[in-house]
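Each chain is listed here by its residues.
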Amino acid sequence: MFDSFPNLKTSEPLSHHCWYALGGPADYFVEVIDVEEIPKLIKEAKENNLPYFILGGGSNTVFHDEGLRGLVIKITASNLEFNDNIITASPGVPMMRLVKESMDRNLTGLESLFGLPGTLGGAVFGNAETHKTSIGDAVVEATLLDPKAKDPDKLIKTVDKDYFQFRYRHSHLHETGEIILEVTLKLQKITEEDLADEELKTLRNKATEALNFRKDHQPTGRNNGSFFKNPPNDYAGRLIDVAGLKGTKIGGAYISEKHGNFFMNDGTATTEDLIALRNLAKETVKEKFDITLEEEVRIIMPDGKILS
Ligand code: EPU
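All values derive from a computational prediction rather than experimental measurement. (Residues numbered from 1 in each chain as written. Predicted model: local features only at pLDDT ≥ 70, side-chain atom pairs only at ≥ 80, totals over all residues. Heavy atoms only, no water.)

A.B. asks: Any chance you could break down the packing of aromatic side chains for me, citing the residues and the numbers?
C.D. replies: All chains considered together, the criterion is met by 7 aromatic pairs. Ring centres 4.9 Å apart and planes at 0° place the aromatic pair F164 and F166 in the stacked group. Since its relative accessible area comes to 21%, F166 is described here as partly exposed. Judged by centre distance (5.1 Å) and plane angle (75°), the rings of F227 and F228 are edge-to-face. Across this residue pair, the class does not change: F227 and F228 are buried. Lying across the ring of F82, R105 places its NZ or CZ 4.0 Å from the centre. (Phe/Tyr/Trp six-rings, centres within 6.5 Å; stacked < 30°, edge-to-face > 60°. Buried < 20%, exposed > 50% of the residue type's maximum accessible area, 1.4 Å probe, protein only. Lys NZ or Arg CZ within 6 Å of the ring centre and 35° of its normal.)

Structure below.
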């Protein structure tokens, strides 16, 4: 199966592709540099009744200890073109590169996202956001692949920003399962006069502030950033903190002492440890505050379904 893809790997350890360094093997694993390969891969997976999973930078995904009985398509396609203040980019472009190259060209709009892990595709899918700046704010349009389309003419489509229905850490693609093949972004160009106005310095400062905030408030080590989304009008980290759960450890997974919404792998954790810790946090917060926390990190089960 998938023999025509030169990048095919079998029994590929998924722990090598996720920030948590967790997860067993994928039966089939293909790294995609050219997005045109994606429809062909999905077609073959479907013909063989195999689940498939689209992976970006692995900074919001954890696979089960037993891995995936199907195909992982890791998107590393990373074309990045600047045309004045318009950017056309492949989904596999790392966010760090996108933000840095935009700043190098005196384009403003993304600097608060400096330091964000993962790829553009994953960021747009989840409307990644820090310090009230969302990637969705910069999106103009995108090319999507609809794996459910029966009509081959409708397989690939171009949609505008409104289609995404961006809101806090959410896009419409969560509902549709469509796959991003290309994104067009629009930023604001800083002019020579603005430079005299020290605008550029402010821009650089914003990026530095974003990095410093991370350093001061968030732990380093093996984690996936915020584990839960913030519930309306509150903070998952605060709730887990007040519930007295910081430092709680199950197997090799523990809740950071620095920030209650950071779930860590001490290097010996299994995905089952992480799931047990997640269950404990959800149950405790529900019991104490009657609030149901919703995961930001997606835990993928061996059948390709997301743990709910
Ligand atoms: N807080 C506590 N105890 C804790 C942690 C936080 O009381 O252990 C309190 C803080 O004092 C603060 C509030 O909770 O009043 C919010 O905490 P913080 O400022 O650290 O921000 P956050 O809401 O936890 C969000 C994003 C982060 C992003 C920061 C900065 C979510 C789920 N997380 O964190 O995103 O970096 O704001 O913009 O919205 C990520 O997506 O991986 C991520 C780290």
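A.B. asks: How would you summarise the environment of T88 if you had to cite specific residues and measurements?
C.D. replies: Mapped onto the elements, T88 comes out in strand β7 (residues 86-89). What makes T88 partly exposed here is its relative accessible area of 25%. Residues in contact with T88, not counting those within four places in the same chain, are N79, L80, E81, E182, V183 and T184. (Helix = DSSP H or I, 4+ residues; strand = E, 2+ residues; numbered from the N terminus. Contact = heavy atoms within 4.5 Å.)

A.B. asks: With reference to specific residues and values, describe the site of the ligand.
C.D. replies: Within the structure, the ligand sits among 19 residues, and Y168, R169, S226, N230 and D241 are positioned closest to it. Here an oxygen atom of the ligand and a side-chain polar atom of R169 are 2.3 Å apart. Between the ligand and the protein, one listed contact pairs an oxygen atom with a side-chain N or O atom of E296 at 3.3 Å. In isolation the ligand exposes 830 Å². Once the protein is present, 77% of that is buried. It is helix α7 (residues 236-242) that contributes the most residues to the shell around the ligand, 3 residues altogether. (Near = heavy atom within 4 Å. Polar contact = N/O pair within 3.5 Å; in protein donor to acceptor, adjacent residues only side chain to side chain. Areas by Shrake-Rupley, 256 points an atom, 1.4 Å probe, with all protein chains shown as cover.)

A.B. asks: Quick rundown of the sheet that holds strand β13 (residues 179-186)? Include the residues and the values.
C.D. replies: Taken in spatial order, the 5 strands line up as β6-β7-β13-β11-β12 in an open sheet, and their pairing is antiparallel. With one partner strand each, in any of the chains shown, β6 (80-83) and β12 (156-160) form the two edges of the open sheet. The mean inter-strand angle of the sheet, taken between neighbouring strand axes irrespective of direction, is 15°. Sheet topology note: the β6/β7 ladder contains 4 bridges and is antiparallel. Bridging from a neighbouring strand, F82 pairs with I87 of β7. Along the sheet, helix α2 (residues 95-104) contacts β6, β7 and β13; its crossing angle with β6, the most-contacted strand, is approximately 25°. (Pairing = 2+ DSSP bridges. Axes fitted to C-alpha atoms, helices over the stretch in contact; angles between N-to-C directions.)

A.B. asks: Give a description of the environment of D146 that names residues and reports values.
C.D. replies: Looking at where D146 falls in the secondary structure, it is placed in the loop between β11 (139-145) and β12. Taking the relative accessible area as the measure of exposure, D146 reaches 15% and is therefore buried. Considering only alpha carbons, one finds D146 and K157, 11 residues apart in sequence, at a separation of 7.8 Å. With sequence-adjacent residues up to four places away left out, D146 is seen in contact with K154, L155, K157 and E178.

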